[in-house]
Amino acid sequence: MITMILDGYNVIHAVPELARHLDHSLQTAREALVRLCQAYRARRGDIGRLYVVFDGRDACASGPYGQPQGSVTVLFTQQPEEADKRILRVIEAERSRSRCVVVSNDNEVFNNARAFGARVISVQEFYEKARPASARRNAPPAVADKAALSARDAQQITTAY
């Protein structure tokens, strides 16, 4: 079995479909990520536990967080702890029971999680697998931090070189 641990806000900000929810509220974006994780875990048979870790400074004091929400456990840190440190604590607690996979584009999380023996995948790699099948068929792959060039612009750049 696999334990999957997501760097919550890192994932939200790296996936345009989730980041759009921020226009409504941070809570809405978090809920969209949890729903995505629940659906993904339901489609897979090899994920034993799935955690989404958020920095607690933006969290509402009242909420069901820190407890399982269906098949996903959402964790908020308490100051002064940051999500990066909580992710490492989850890896420490889980690695004797299962293989840990961490989802983050944050270099510090990436390097520390690997040092703790976890496999790390990018947010884009996770999202390609986790997004609904209808979205995979109808949309191009997510590319982080890169604007798509039109064929005309690409030709102009090539000609300029």
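Scoring rules and cut-offs
- Residues numbered from 1 in each chain as written.
- Predicted model: local features only at pLDDT ≥ 70, side-chain atom pairs only at ≥ 80, totals over all residues.
- Heavy atoms only, no water.
- Buried < 20%, exposed > 50% of the residue type's maximum accessible area, 1.4 Å probe, protein only.
- Helix = DSSP H or I, 4+ residues; strand = E, 2+ residues; numbered from the N terminus.
- Pairing = 2+ DSSP bridges.
- Phe/Tyr/Trp six-rings, centres within 6.5 Å; stacked < 30°, edge-to-face > 60°.
- Core = buried A, V, L, I, M, F, W, Y, C linked by side-chain atoms within 4.5 Å.
- Contact = heavy atoms within 4.5 Å.
- Expected span 1.5 Å × (residues − 1).
- Salt bridge = Lys/Arg side-chain N within 4 Å of Asp/Glu carboxyl O.

*Asks:* Which parts of the structure should I look at to understand the pairing of strand 2 (residues 47-54)?
*Replies:* In summary, the side chains of a regular strand alternate between the two faces of the sheet. When you tally the buried positions in strand 2, you get 6 out of 8 residues, the bulk of the element. Relative to strand 2, strand 1 (residues 2-7) runs parallel, the two sharing 6 bridges. Bridging from a neighbouring strand, Ile2 pairs with Ile47 of strand 2. Here strand 2 pairs with strand 4 (residues 72-76) via 4 bridges, running parallel.

*Asks:* Looking at this structure, how should I read the packing of aromatic side chains?
*Replies:* Working definition: an aromatic ring pair is given by the centre-to-centre distance plus the angle between the planes. Tallying each qualifying case throughout the model produces 3 aromatic pairs. Note on Tyr9 and Phe54: the rings are 4.7 Å apart at their centroids and 50° apart in plane angle, and the pair reads as tilted. Taken together, the residues span a long stretch of sequence, with Tyr9 in helix 1 (residues 8-14) and Phe54 in strand 2 at a distance of 45 residues. In this pair, the class of Tyr9 matches that of Phe54, namely buried.

*Asks:* Just checking my understanding: could you explain the nonpolar core for this structure?
*Replies:* Soluble, globular proteins show a tendency: their nonpolar side chains are buried together. Counting 30 residues, the largest nonpolar core has Met4, Leu6, Leu33 and Phe126 as the members making the most contacts within it. Broken down by secondary-structure element, the contributors of at least two residues to this core are strand 1, helix 1, helix 3 (26-43), strand 2, strand 4, strand 5 (99-103) and helix 6 (123-130). Looking at this core element by element, the count peaks at 7 residues for helix 3. Excluding anything up to four places from it in sequence, Met4 contacts Tyr40, Ile47, Arg49, Leu50, Tyr51, Val101, Val103 and Phe126. Ile5, Cys100, Val102 and Val120 belong to the second-largest nonpolar core, a separate cluster that totals 15 residues.

*Asks:* What is the right way to read helix 4 (residues 83-94) from this model?
*Replies:* Each α-helix winds once per 3.6 residues, and so residues spaced three or four apart point in a common direction. For helix 4, built from 12 residues, the straight-helix expectation of 16 Å at 1.5 Å per residue is met to within 8% by its first-to-last C-alpha distance of 16 Å. Those residues of helix 4 that are buried are in contact with strand 1, strand 2, strand 4, strand 5 and helix 5 (107-115).

*Asks:* Hey, could you run me through the pattern of salt bridges in this one?
*Replies:* It is possible for side chains bearing opposite charge to pair when their charged atoms get close. Tallied over the entire structure, the rule returns 8 salt bridges. We note a salt bridge from Arg89 to Glu81, for which the minimum N-O separation is 2.5 Å. Taking relative accessible area as the criterion, Arg89 reaches 47% and is therefore assigned partly exposed. With a closest N to O distance of 3.5 Å, Arg119 and Glu125 form a salt bridge. Linked through salt bridges whose partners overlap, the residues forming this network are Arg49, Glu94 and Arg97.

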